[in-house]
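Observations on the model geometry
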Amino acid sequence: QVQLVESGGGLVQAGGSLRLSCAASLRSGAMGWFRQAPGKEREFVAAITWSGGTTNYADSVKGRFAISRDTAKRTVYLQMNSLKLEDTAVYYCAARKVTFSSNNSADYAYWGQGTQVTVSS
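Throughout what follows, the structure given in this document is the object of discussion. (Residues numbered from 1 in each chain as written. Predicted model: local features only at pLDDT ≥ 70, side-chain atom pairs only at ≥ 80, totals over all residues. Heavy atoms only, no water.)

Helix and strand counts for the protein stand at zero helices and 11 strands. Tracing the protein from N to C terminus, the helices and strands come up as β-β-β-β-β-β-β-β-β-β-β. By the compact-globule yardstick of 14 Å for 121 residues, the protein fits well, its C-alpha radius of gyration being 13 Å. C-alpha extents for the protein along the principal axes are approximately 40 × 30 × 25 Å. Taken as a whole, the protein presents about 6100 Å² of accessible surface, with 45% of it coming from carbon and sulfur. (Helix = DSSP H or I, 4+ residues; strand = E, 2+ residues; numbered from the N terminus. Rg over C-alpha atoms; globule rule 2.2 N^0.38 Å. Areas by Shrake-Rupley, 256 points an atom, 1.4 Å probe, with all protein chains shown as cover.)

This part takes up the sheet that holds strand β1 (residues 4-7). Strand order in the open sheet made by the four strands is β1-β3-β8-β7, with antiparallel pairing throughout. The open sheet terminates on both sides in strands that have one partner only, identified here as β1 and β7 (65-70). Across the sheet, the mean angle separating the axes of adjacent strands is 15° when strand polarity is ignored. Two strands pair when backbone bridges link them, and β7 and strand β8 (residues 75-80) are joined in this way by six bridges, in the antiparallel orientation. Its bridge partner lying in β8, F65 is registered against M80. (Pairing = 2+ DSSP bridges. Axes fitted to C-alpha atoms, helices over the stretch in contact; angles between N-to-C directions.)

We now examine unusual backbone geometry. Among all residues except glycine, the phi angle is most often negative; among peptide bonds, the trans geometry is most common. A positive phi angle, close to 50°, is found at R74, a residue other than glycine. Looking at the secondary structure, you find R74 in the loop between β7 and β8. In this structure, S82 takes a positive phi of about 50° despite not being glycine. Relative to the helices and strands, S82 is located in the loop between β8 and β9 (89-96).

A separate point is the packing of aromatic side chains. Applying the stated criterion to the full structure yields five aromatic pairs. Here F34 and Y108 contribute two aromatic rings whose centre-to-centre distance is 5.3 Å and whose plane-to-plane angle is 75°, an arrangement assigned as edge-to-face. Here the residue F34 occupies a position in strand β4 (residues 30-36), and Y108 occupies one in the loop between β9 and β10 (110-111), the gap between them amounting to 74 residues. Note on accessibility: F34 and Y108 belong to one class, buried. Look at Y92 and W111: their rings are 6.4 Å apart centre to centre, the planes differ by 75°, and that puts the pair in the edge-to-face class. One end of the pair, Y92, is in strand β9; the other, W111, is in strand β10, with 19 residues separating them in the sequence. Aromatic rings pair up to connect F34, F44, Y92, Y108 and W111 into one cluster. It is R96 that lies over the ring of F100; its NZ or CZ is 5.3 Å from the centre. (Phe/Tyr/Trp six-rings, centres within 6.5 Å; stacked < 30°, edge-to-face > 60°. Buried < 20%, exposed > 50% of the residue type's maximum accessible area, 1.4 Å probe, protein only. Lys NZ or Arg CZ within 6 Å of the ring centre and 35° of its normal.)

Counting buried residues along strand β3 (residues 18-24), five of its seven residues qualify, which places the element largely inside the surrounding structure. Direction of pairing for β1 relative to β3: antiparallel, over a ladder of four bridges. In the sheet register, L4 faces β3, and the bridge partner there is A24. Looking at chain direction, β3 and β8 are connected through six bridges and run antiparallel. Residue pairing across strands places R19 opposite Q79, the latter belonging to β8.

Below is the structure:
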């Protein structure tokens, strides 16, 4: 059973930064971050492969967010800079055992419980 535990969410002012962490019970395949705002569908944010660290990002966060992984700690991070009001959402960590990443939530079999990120003006 794959376990994912997110941490690092909170309240931040617009323009500020937060770093999310996802502790995983695996270090193969790929990891993704998704988010869901109230009344909206879950959307892709960023993904990374455990092997090689290949990344991809949603256009809305490119240049502001950075995903990384620490294989020794089996932890994936999402560094979020220049946060905007529209980044407010519950952020979910997800994992898939397939080597390459995906921006489709249906391709991820394992999910964390989510962590709230609230950006205020």
